[in-house]
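Geometric and topological summary
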Amino acid sequence: MNFGDFEILENKVIIRIKDRICENAEELLNSALFFQVLKHCLKNLQRHNSYLLGVFVKQDITDQNIEMLVKTLNFLVKMTGDLVPNVEKGSEIFFSDKALFNEFVDYLYNYWRSFDRFIICESQENNQEKRPYRIFNNTIEQLTHLVRAVYRDIQENITGTHPRIYRQVRAGAEIASIAVSKTIPFKAVEYEKLNSIPLIRQILIYPPLILNQTMNKRSGTFERIKENPLRKVTLNKKEWLCYPAKVGELIILIYVHQKFYELGYSLCNLFELAEDDDLTRKPDAVYCYGINKKDIEGLGKSLTVFYEDQANDMMVAAVPNDDEFGYFGYLKKMVLTLYNVIMIKRGILPFHGALLKIMMPNNKKATMLLMGDTGAGKSETIEAMRDLGKNEIQDMIIIADDMGSIKIDANKDVIGYGTEIGAFLRLDDLKAGYAFGQIDRAIIMSPNKVNARIVLPVTTFERLISGHKIDFILYANNYEEIDEDHPIVEQIDSPEKALQIFREGTVMSKGTTTTTGLVHSYFANVFGPYQYKEAHDKLAKKYFQAFFGKDIFIGQMRTRLGISGYERKGPEEAARELLEIMKNR
């Protein structure tokens, strides 16, 4: 079998190899994978009784007919169509209408490319992962060139003409990875089953990637349960991969079921992939995304659950592989929930917001934390600031796009840290043309649906963990109109008033979850602080007093992103006002 093990699952093709892949047209066309894709294609055409089936002349298509087609295609790689019937008896039916046959081949080619296509190079440690470029070049690159060349040779030999326009589309796989087996030093027996799952060590993607999630929004909150879900979970090592993520200073092992591989691989635009040295110590948390629902039913009221294993100093999370959980937000936000809980336990204040450093002329600089819920206008204001200040801002460095933490150092300075190297943004709320300016790095999700998203890198891991002294902390208010008593940017004069505003977490929902209208969430952060309110309240009171003790600008900015007609104008006016305050402070 020239493709090693493979599976066709709904809209994806997963190819697992150990050493080599098809090297020539004969191996490709005679492979079991090609035969299965061809059969799937024909069934798809039969479902709507397509006229393209006319290449077979008759309606009932048997495996023998398909095998005849495969033999015909084999010869078409080597010779022109008028010669093939002379060497393959029975193939003349395909050439009774050359234009139709050519159209069928074109449909088959596009049908193959309609799948999300993955290559997993299974490696022994210290072998393939030490020379990733050669492996990727000999697999994903080779397959791309081979599929494209076979398609073109066949079409040219059917039509007898050469195309004048060549489109270099991704004809092979879209994503490839090198995965190895490693033994992680877990402390308890219930975690040892995870050591059978290969860990991703390198990834190759061809952006822009266009992915279609089964859902386009997240529902509910993540529930803390009293029993370790790993005690009941069963994992088939052939169906899972582990993305070992560096989430701020933490190592979180994210195990992804093959049903959600496209979302799991998208993590490469969001979290730094852990180094080999990071995997020699016990991780801080593990997350199994895509388990069998029956394994965790009854552990909590919901099916999106996490557990604090105090005995083994480990956080554990699990989410089922049902279609309703096929949204990248379940992957990202659960990871950040685990991060936030660990920070709270360590006496560090987590935040839901964007942290950025702005450098202006005359050595003037400021580090600003914009806190607020999803859809409050944080990212939109930052991008508006970048655009409006292009003639006066020397540099704008993103430290955290969505979540991070705040520490108070030995000098009582307030220091901010990030968690992610990337951003998961709503396409609808971005400035027109912004996504296209970043498209060469982007992973775009559900572009044809409401709440279409883009995942792209925005910062470096070194920046987010280095620590930055904070000068401004602002709550992103997206629901209030502007008037004399409600300025665009309002400074708050006491820790008590600031705590009240931040604690209420009021926001006009933008439809990124199933909530709508004006809603409240504890500190705009249902990802950890909400489940640990008592501990978080003590931390928040201590930290807000420290903020005012260091003369940090504490306030709220009214982005009006949730008000109809202000989706662009609101963040732009907030950005303009922030720039003025920074210049004059």
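Anyway, here's the lowdown on the structure attached to this text. (Residues numbered from 1 in each chain as written. Predicted model: local features only at pLDDT ≥ 70, side-chain atom pairs only at ≥ 80, totals over all residues. Heavy atoms only, no water.)

1. Examining unusual backbone geometry
The omega angle of the peptide bond from P207 to P208 is 0 degrees, so this bond is cis rather than trans. For E10, which is not glycine, the phi torsion reads 50 degrees and is therefore positive. Tracing the sequence through the fold places E10 in the loop between β1 (5-9) and β2 (12-17). Residue F523 is not a glycine yet carries a positive backbone phi of 55 degrees. Structurally, F523 can be placed in the loop between β26 (518-520) and α13 (533-549). (Helix = DSSP H or I, 4+ residues; strand = E, 2+ residues; numbered from the N terminus.)

2. With respect to the nonpolar core
Formed by 84 residues in total, the largest nonpolar core has its most connected members in I254, Y287, F502 and F547. A per-element tally of this core places helix α8 (residues 328-345) first, with 12 residues. Apart from residues lying up to four places away in sequence, F502 is in contact with M371, I473, L474, Y475, I492, F523, A524, F544, I554 and G555. By size, the runner-up hydrophobic cluster in this structure holds 61 residues, among which are F34, F56, L73 and F101. (Core = buried A, V, L, I, M, F, W, Y, C linked by side-chain atoms within 4.5 Å. Buried < 20%, exposed > 50% of the residue type's maximum accessible area, 1.4 Å probe, protein only. Contact = heavy atoms within 4.5 Å.)

3. Here we look at the side chain of E190
Of note, E190 is situated in the loop between β4 (175-180) and β5 (199-205). Using a relative accessible area of 15% as the deciding quantity, one classes E190 as buried. Setting aside chain neighbours within four positions, we find E190 in contact with N228, L230, R231, D309 and N312.

4. A short note on the state of the cysteines
Summed over the entire model, instances satisfying the criterion amount to 0 disulfides. Sulfur of C242: no disulfide; nearest cysteine sulfur belongs to C288 and is 8.9 Å away. Relative accessible area serves as the criterion here: at 0%, C242 is assigned to the buried category. (Disulfide = S-S within 2.5 Å.)

5. Some points on the packing of aromatic side chains
Scanning all chains against the criterion turns up 24 aromatic pairs. With 6.4 Å between their ring centres and 90 degrees between their planes, F56 and F104 make a pair best called edge-to-face. Pair noted here: F56 is in the loop between α2 (32-47) and α3 (63-76) and F104 is in helix α5 (residues 98-113), with a separation of 48 residues, a long-range link. Three or more aromatic residues link up through ring pairs in this structure, and these residues are Y475, F502, Y522, F523, Y543, F544 and F547. Lying over the aromatic face of Y417, K407 brings its terminal NZ or CZ to 4.9 Å of the ring centre. If you follow R453 out to its NZ or CZ, it ends over the ring of F424, 4.5 Å from the centre. (Phe/Tyr/Trp six-rings, centres within 6.5 Å; stacked < 30°, edge-to-face > 60°. Lys NZ or Arg CZ within 6 Å of the ring centre and 35° of its normal.)

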